[in-house]
Amino acid sequence: MTANLSIPRHIAIVMDGNGRWATRRFLPRVAGHSQGVDALRRCVKTCVDRDVEVLTVFAFSSENWNRPADEVSCLMELLVLALGREVPQLRQDGVRLLFVGERAGLSERVTLGLEQAESLTADNKRLLLNICFNYGGRWDIAQAAAKVAGQGLPVTEKNLGEAMALAHVPDPDLIIRTGGEQRISNFLLWQAAYAELFFSSKLWPEFDEAALDEAIAAYQHRERRFGQTSSQVNGPGINEKTVLPLRQTA
Ligand code: FPP
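Residues numbered from 1 in each chain as written. Predicted model: local features only at pLDDT ≥ 70, side-chain atom pairs only at ≥ 80, totals over all residues. Heavy atoms only, no water.

1. Comments concerning the environment of leucine 203
Right, so step 1: Among the secondary structure elements, leucine 203 is positioned in the loop between strand E6 (196-199) and helix H7 (209-220).
Right, so step 2: On the basis of relative accessible area, leucine 203 is assigned to the buried category, the value being 3%.
Right, so step 3: Sequence separation between leucine 203 and threonine 178 is 25 residues, and the spatial gap between their C-alpha atoms is 5.7 Å.
Right, so step 4: If near-sequence neighbours (up to four positions away) are discounted, leucine 203 is found in contact with Asp16, Gly17, Arg20, Trp21, Arg24, Thr178 and Gly179. (Helix = DSSP H or I, 4+ residues; strand = E, 2+ residues; numbered from the N terminus. Buried < 20%, exposed > 50% of the residue type's maximum accessible area, 1.4 Å probe, protein only. Contact = heavy atoms within 4.5 Å.)

Structure, rendered in structure tokens:
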């Protein structure tokens, strides 16, 4: 296997493990979510430093409404508070925020918070941060199919792809899930087709710069074939057993 990939253009993350982080410390689960915001801030900064172009994170899934009502309302409140606190720094760092997911069903206060954060960061170009909120991969495929049908277009991969909620970015190169579970949980079902997957046993609040660098380094060691053979990807003269050293990520 030969691999020497560059920094992934698009990283996507399932930020799992906030609840366990808190429970292990005899804290309420929401304390874990609050630490999760700190971990997200660190991760955004590292992505900016590493020249990642797009970071997409799963902050609230279509299924998270089924959690206890007080946890759901704390997550909504945390989002509004975090946006108020973080947007000025995100603007300074050149981070553009976009929210991906169904807006219907969100309160007026939350909707306003999302819209304000999007418009205040609209001109930023260094990193695009997609926050999947009230999002599910199945919802995305269904809404794209409805859009395509509504336009009277044939249901083709191209038309569906262009109607997806993440059509504004290339598919993720690397999908990371923290918290030790090894599943996709309705995240980016369409866009994950050729993503490299990395599962970390770290709980999300513990996921730091070194952990992100480890995931990027593992990605750089993968061979992406997109359905082709190894020698097609590497060229006929290359020994398929050669493993190149990891590239510097910093
Ligand atoms: C999964 O951990 C995490 C979530 C459902 C919420 C993710 C939210 C953040 C990281 C904070 C940033 C969010 C906003 C709103 C800006 P879990 O609760 O399922 O953890 P567990 O598996 O240990 O129970």
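Here the narrative resumes.
2. A look at the state of the cysteines
Right, so step 1: Across all of its chains, the model carries 0 disulfides by this definition.
Right, so step 2: Among the cysteines around cysteine 132, which has no disulfide bond, cysteine 43 carries the closest sulfur, lying 14 Å off. (Disulfide = S-S within 2.5 Å.)

3. Describing the site of the ligand
Right, so step 1: Near the ligand there are 16 residues, and of these Asp16, Gly19, Arg20, Arg29 and Arg67 occur at the shortest range.
Right, so step 2: For the ligand, an oxygen atom lies 3.3 Å from a polar atom in the backbone of glycine 17.
Right, so step 3: In the model, an oxygen atom of the ligand is placed 2.7 Å from a nitrogen or oxygen of the arginine 20 main chain.
Right, so step 4: Notes on the ligand: free accessible area 620 Å², of which the protein chains cover 91%.
Right, so step 5: Judged by its atoms lying within 2 Å of the grid points, the ligand is housed in the largest pocket.
Right, so step 6: Of all elements in the fold, only helix H1 (18-23), helix H2 (29-49) and helix H3 (69-92) reach the threshold of two or more residues within the shell around the ligand. (Near = heavy atom within 4 Å. Polar contact = N/O pair within 3.5 Å; in protein donor to acceptor, adjacent residues only side chain to side chain. Areas by Shrake-Rupley, 256 points an atom, 1.4 Å probe, with all protein chains shown as cover. 1 Å grid on protein atoms, 1.4 Å probe; cavity = no way out; pocket = protein on both sides within 12 Å on 5 of 7 lines; lining within 4 Å. Sits in = over half its atoms within 2 Å of the grid points.)

4. A look at the nonpolar core
Right, so step 1: Membership of the largest hydrophobic core comes to 42 residues, with the highest contact counts inside it found for Ile11, Ile13, Leu55 and Ile176.
Right, so step 2: The biggest single contributor to this core is H3, with 8 residues.
Right, so step 3: When residues no more than four places from it in sequence are discounted, the contact partners of isoleucine 176 are Ile11, Ala12, Ile13, Val14, Phe198, Phe207, Leu212 and Ala215.
Right, so step 4: Counting 16 residues, the second largest nonpolar core, distinct from the first, contains Val100, Leu128, Tyr135 and Ile175. (Core = buried A, V, L, I, M, F, W, Y, C linked by side-chain atoms within 4.5 Å.)

5. Re the pairing of strand E5 (residues 174-177)
Right, so step 1: Burial along E5 is two-sided: Leu174 and Ile176 facing one way and Ile175 and Arg177 facing the other are all buried.
Right, so step 2: Two elements, E5 and E6, share 4 bridges in a ladder whose sense is parallel. Each bridged residue has a counterpart across the sheet, and for isoleucine 175 the counterpart in E6 is leucine 197. (Pairing = 2+ DSSP bridges.)

6. Considerations on H2
Right, so step 1: For H2, built from 21 residues, the straight-helix expectation of 30 Å at 1.5 Å per residue is met to within 8% by its first-to-last C-alpha distance of 31 Å.
Right, so step 2: Looking only at H2, the buried set comprises Gly32, His33, Gly36, Val37, Ala39, Leu40, Cys43, Val44, Thr46, Cys47 and Val48.
Right, so step 3: Aspartate 51 lies just past H2 and shows a positive phi near 65°. (Expected span 1.5 Å × (residues − 1).)

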